[in-house]
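The residues making up each chain are set out below.
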Amino acid sequence: MDTQEIDGAQALIKTLDNLGVEYIFGYSGGAAIPIFDALVTVKSNIKFILARHEQGCCHMADGYARATGKPAVVLVTSGPGAGNTITGIMTAQMDSVPMIILCGQQVTWMLGKDAFQEADIFGITMPVVKHNYLVKDTNEIPRVAREAHHIATSGRPGPVLIDLPKDITQGPFTGDMDPEFDLPGYQPEKFYSVDASDIDHALQLIHKASKPLILAGHGAMISGADAELKELAETLRCPVTSTLLGKGVFPEEHELSVGMLGMHGTAYANKAVCDCDLLINVGSRFDDRIIGQADKFCAGAKIIHIDIDPSEMNKMITPDVRIVSDAKSALAEINKRISGLDTEPWLAQIESWKKKFPLSYRKQGGLRMQQVIDEMYQVAGGDAIVTTDVGQHQMWAAQFYKTNASWKWISSGGAGTMGFGFPAAIGAQLACPDETVISISGDGGFQMTLFELATAALHKLPVKIVVLNNHYLGMVRQWQELFFEDRKSGVDLEGNPDFCKLAAAYGIPSFNIKRPADVRKQLEKAFAVKDGPVLIHAECVKTDNVFPMIPAGAALEDMLTEPPKHKMAKPTGST
Amino acid sequence: MSLVTTDNPPEFFISEAPVHTLSVLVNNKAGVLMRICQVFARRGYNIDSLVVSQGRDKQFSRMTIGISGDPAGLEQIILQVTKLVDVIHCVEHDSDHSVVKELLLVKFLVDKEDRTEALQIIDHYDGKTVDLTPTSMIAMINGESSKIDASLAMFSQFEIIETVRTGKVVMARSEKPT
């Protein structure tokens, strides 16, 4: 095909193909028809996945990106189609996930005139994207698409939206397919080197420490700092805790791992944070669910903060040393010059906390979500990719499903998006067809995006869809029970469907777990299904609560390791 | 030598002053002002003054933003603005190291008897008369905000109909970039 004869949409698909895009997750509509047409007329390696809702498209793209580290592409139409992507875009933005969202748009001469299916998606999404574009010239399409790809994937990754009016995509393309970028203010490359004086300062603190602790965040995973992190921890003999999204960048079965910290982190991780004399934060943004009451966080410790985003410095916590750099570069420089520390008394202290406050659950009195997750870990092992929704099951999964490698744990952290887990698992399974992908949801979150059962069934994706059903919005009920004198309001999910019959309606086999004794047998049967999705429904104890727990806004030292025996004050933090 | 540059940004600092003057160099593209205003609005900061115009190089625009508020929060705002893809740099300038000016247009009623007095006031503030009718006058005064405030106090002896102020514009002294 001669370049003189193609239209803007075809130039777009060619550009994405040249960028190595494997999948586009989308939902069609009038204003996007030229782009959908180009998917057919342009010869490319791109595979299109038709979801059942635009939010599903975004979470699938998100799951794909988090399983591979590669950017994912979403294609939707204008107005409501674009509007339905907001939650998915926000989820990606909060968790630094590379994503490109292509939105069809009304023709340019109708913009701002309240035309059919017109929405100012450029303006609407501005606060929830890393960057966005409204393309007004067909010949700019390749430059905009290439810039979007570059912005989404470099520095601190994030979603980039491109709004594409229909006359622009179906207009004749006569431009350059490989144009120069026009990004004079965007220079992420400067964060891939490290200031030597910052490293000097960090080393001074490290070599004075006797109770050091490494906090591994999502940024460490994004930068591919796994090996450097392990070398740092093992050379210093330094324990490692991780954020929710940092799970796996340091193997959780490693002897130096203390698991996740924060609101529902392990007691020993939180005690280590309270008692350490040096915290080395590698690529975490000190989320409020980690630090609790900010002025009491690590009060007696020096803090080194490594982050590629300068605006994360001093945002929540004021560190003693700021290293604005990609984590891998910074750790490589530190590792060149460190020597071992005597941390044996510190490790012994942590070992005693591990023995005194282990993660545990009761095996009597009904089926517990923790048991299902724990046994799933025994059956599937640490190599499976696990996605979750948001709520109690998510925290129990974070506690009991040990993650031993990067890109294996996919969960909505910053945004806390219910409905995320199942479509994200579809994206992850497409990205990694040979791996076991487990989607763990509660009955609440699953019902928010269960329409994607059709997508999973159609493509015969062998996702293990686990629905942990306690007939409640459990985390909210837990808060109401602890802090609102057990006044339950808006949390009873009366009217839940028969999830196994629902799966059957989509032609998906299912397994029902009712008793603790059934768990292992049913899981093994379900995991043996390889030729398509399988749904595992577990009927769980209705009123179990997640511990340890740090009430929102409280200090880490005020952690509850078991249900409180006295009435609790309402938390000062928001959620 | 062009000081509009992407690799020679001005120095970053936060003054202790109650009012801060930020200079933001941005790509001259649609929507950039909205992106920047969102950073302030989301954190509950009110912009006191805002001057935007095309740069000498038409690829860029210059924004001068006057803002009052907590200095600790301001550092975050500057970093968040700087992070925007369309922003070349965002820095604060203080009056010790930069020229800070503002323009005032003031329209007031003045009859023949008081006109000499009005002209004397305008002359005192190095201003100009830019419109004159038998019953009214528009004066133009430029200078630092304190001078503008002082001139307005003097003009208040007449019946002021309306005032228009530009807000501050700032330029770094010497050869340093703004």
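Rules used in this analysis
- Residues numbered from 1 in each chain as written.
- Chains lettered and ligands numbered in written order.
- Predicted model: local features only at pLDDT ≥ 70, side-chain atom pairs only at ≥ 80, totals over all residues.
- Heavy atoms only, no water.
- UniProt positions renumbered as here; feature names shortened; annotations may be inferred.
- Helix = DSSP H or I, 4+ residues; strand = E, 2+ residues; numbered from the N terminus.
- Buried < 20%, exposed > 50% of the residue type's maximum accessible area, 1.4 Å probe, protein only.
- Contact = heavy atoms within 4.5 Å.
- Domains from an automatic or database assignment.
- Buried area = accessible area lost by both parts, 1.4 Å probe.
- Salt bridge = Lys/Arg side-chain N within 4 Å of Asp/Glu carboxyl O.
- Polar contact = N/O pair within 3.5 Å; in protein donor to acceptor, adjacent residues only side chain to side chain.
- Nonpolar A, V, L, I, M, F, W, Y, C, P; charged D, E, K, R; others polar.

- As annotated in an unreviewed UniProt entry, chain B carries the name Acetolactate synthase small subunit and comes from Oceaniferula flava.
- Per UniProt, chain B carries the Catalytic activity (unreviewed entry) text "2 pyruvate + H(+) = (2S)-2-acetolactate + CO2".
- Among the UniProt annotations of chain B, the heading Function (unreviewed entry) holds the following wording: "Catalyzes the conversion of 2 pyruvate molecules into acetolactate in the first common step of the biosynthetic pathway of the branched-amino acids such as leucine, isoleucine, and valine."

- Labelled according to an unreviewed UniProt entry, chain A appears under the name Acetolactate synthase, originating from Oceaniferula flava.
- One UniProt comment on chain A, placed under Catalytic activity (unreviewed entry), says "2 pyruvate + H(+) = (2S)-2-acetolactate + CO2".
- Taken from UniProt, the Sequence similarities (unreviewed entry) comment for chain A reads in full: "Belongs to the TPP enzyme family."

1. Details of the overall build of chain B
For step 1, the next point in the chain: Looking only at helices and strands, one finds four helices and nine strands in chain B.
For step 2, the next point in the chain: Counting from the amino terminus, helix and strand elements in chain B follow one another as β-α-β-β-α-β-β-α-β-β-α-β-β.
For step 3, the next point in the chain: Along the first, second and third principal axes, the C-alpha set of chain B runs to 55 × 40 × 30 Å.
For step 4, the next point in the chain: A total of 178 residues make up chain B; the buried ones form 42% of that total.
For step 5, the next point in the chain: A sequence separation of at least 24 residues applies to 74% of the contacts in chain B between residues at least 6 apart.

2. Description of the UniProt feature "domain: Thiamine pyrophosphate enzyme central" (unreviewed entry) in chain A
For step 1, the next point in the chain: As recorded in UniProt, the feature "domain: Thiamine pyrophosphate enzyme central" (unreviewed entry) lies at residues 199-333 of chain A.
For step 2, the next point in the chain: Helix makes up 34% of residues 199-333 of chain A and strand 20%, with an end-to-end C-alpha separation of 7 Å.

3. Some details on the domain arrangement of chain A
Residue and element names in this part refer to chain A.
For step 1, the next point in the chain: Taken domain by domain, chain A comprises domain 1 (3-186), domain 2 (190-356) and domain 3 (369-547).
For step 2, the next point in the chain: Here the C-alpha centre of domain 3 lies 30 Å away from the C-alpha centre of domain 2.
For step 3, the next point in the chain: Taken together, the contact pairs 18 residues of domain 2 with 22 residues of domain 3.
For step 4, the next point in the chain: In total, about 1,500 Å² of surface goes out of reach between domain 2 and domain 3, with carbon and sulfur atoms giving 58% of it.
For step 5, the next point in the chain: Broken down residue by residue, the surface that domain 2 buries against domain 3 is led by L244, K247 and H264, which jointly contribute 39%.
For step 6, the next point in the chain: Taken together, domain 2 and domain 3 are joined by zero salt bridges.
For step 7, the next point in the chain: Our count for the contact surface shared by domain 2 and domain 3 stands at 11 residue pairs in polar contact (both at pLDDT 80 or more).
For step 8, the next point in the chain: For the side of domain 2 that touches domain 3, the residue count by class is nine nonpolar, three polar and six charged.

4. Overview of the domain arrangement of chain B
Residues and elements named next belong to chain B.
For step 1, the next point in the chain: Partitioning chain B into structural domains gives domain 1 (19-97) and domain 2 (99-172).
For step 2, the next point in the chain: Just the C-alpha atoms count here: the centres of domain 1 and domain 2 sit 28 Å apart.
For step 3, the next point in the chain: Across the contact, 10 residues belong to domain 1 and seven residues belong to domain 2.
For step 4, the next point in the chain: Per-residue buried area on domain 1 facing domain 2 is highest for T21, V51 and H93; these three make up 44% of the total on that side.
For step 5, the next point in the chain: The interface formed by domain 1 and domain 2 contains zero salt bridges.
For step 6, the next point in the chain: Inspection of the domain 1/domain 2 interface yields one residue pair in polar contact (both at pLDDT 80 or more).
For step 7, the next point in the chain: Looking at the side of domain 1 that touches domain 2, the elements that each hand over two or more residues are β1 (19-27) and β2 (47-54).

5. Observations concerning the interface of chain B and chain A
For step 1, the next point in the chain: On the chain A side, the residues contacting the 19 residues of chain B number 22 residues.
For step 2, the next point in the chain: Counting each side, the surface lost to burial between chain B and chain A is near 1,600 Å², with a carbon and sulfur contribution of 51%.
For step 3, the next point in the chain: Its largest share of buried area at the contact with chain A, chain B owes to R35, Q76 and V85 of chain B, together 35% of the area lost on that side.
For step 4, the next point in the chain: For the pair chain B and chain A, the number of links is three salt bridges.
For step 5, the next point in the chain: Our enumeration of links across chain B and chain A arrives at eight residue pairs in polar contact (both at pLDDT 80 or more).
For step 6, the next point in the chain: Mapped by element, the contributors of at least two residues to the side of chain B that touches chain A are α1 (32-42), α2 (71-83) and β4 (87-93) of chain B.
For step 7, the next point in the chain: With five residues, the top contributor of residues to the side of chain B that touches chain A is α2 of chain B.
For step 8, the next point in the chain: Split by residue class, the side of chain B that touches chain A holds seven nonpolar, seven polar and five charged.

6. Some points on the pattern of salt bridges
For step 1, the next point in the chain: Evaluation of the coordinates by the stated rule reveals 33 salt bridges over all chains.
For step 2, the next point in the chain: Here R322 of chain A and E75 of chain B are joined by a salt bridge, their closest N and O atoms 3.1 Å apart. Taken together, the residues R322 of chain A in strand β12 (residues 321-324) and E75 of chain B in helix α2 connect one chain to another.
For step 3, the next point in the chain: With a relative accessible area of 34%, R322 of chain A lands in the partly exposed category.
For step 4, the next point in the chain: Taking the relative accessible area as the measure of exposure, E75 of chain B reaches 16% and is therefore buried.
For step 5, the next point in the chain: Residue R487 of chain A is joined to E485 of chain A by a salt bridge in which the shortest nitrogen-to-oxygen separation is 2.9 Å.
For step 6, the next point in the chain: Taking the relative accessible area as the measure of exposure, R487 of chain A reaches 46% and is therefore partly exposed.

7. Observations regarding the UniProt feature "domain: Thiamine pyrophosphate enzyme TPP-binding" (unreviewed entry) in chain A
For step 1, the next point in the chain: Here the UniProt-annotated "domain: Thiamine pyrophosphate enzyme TPP-binding" (unreviewed entry) positions come out as residues 389-537 of chain A.
For step 2, the next point in the chain: End C-alpha to end C-alpha, residues 389-537 of chain A measures 15 Å, and it is 40% helix and 15% strand.

8. Things to note about the side chain of R66 of chain A
Residues and elements named next belong to chain A.
For step 1, the next point in the chain: Structurally, R66 is set in helix α3 (residues 54-68).
For step 2, the next point in the chain: Take R66: its relative accessible area is 5%, and that puts it in the buried class.
For step 3, the next point in the chain: Only 2.4 Å separates the side chain of R66 from the side chain of D62, close enough to count as a polar contact.
For step 4, the next point in the chain: Contact partners of R66, with chain neighbours within four places excluded, come to T91, D95, V97, L245, W407, I410, S411, S412 and F420.

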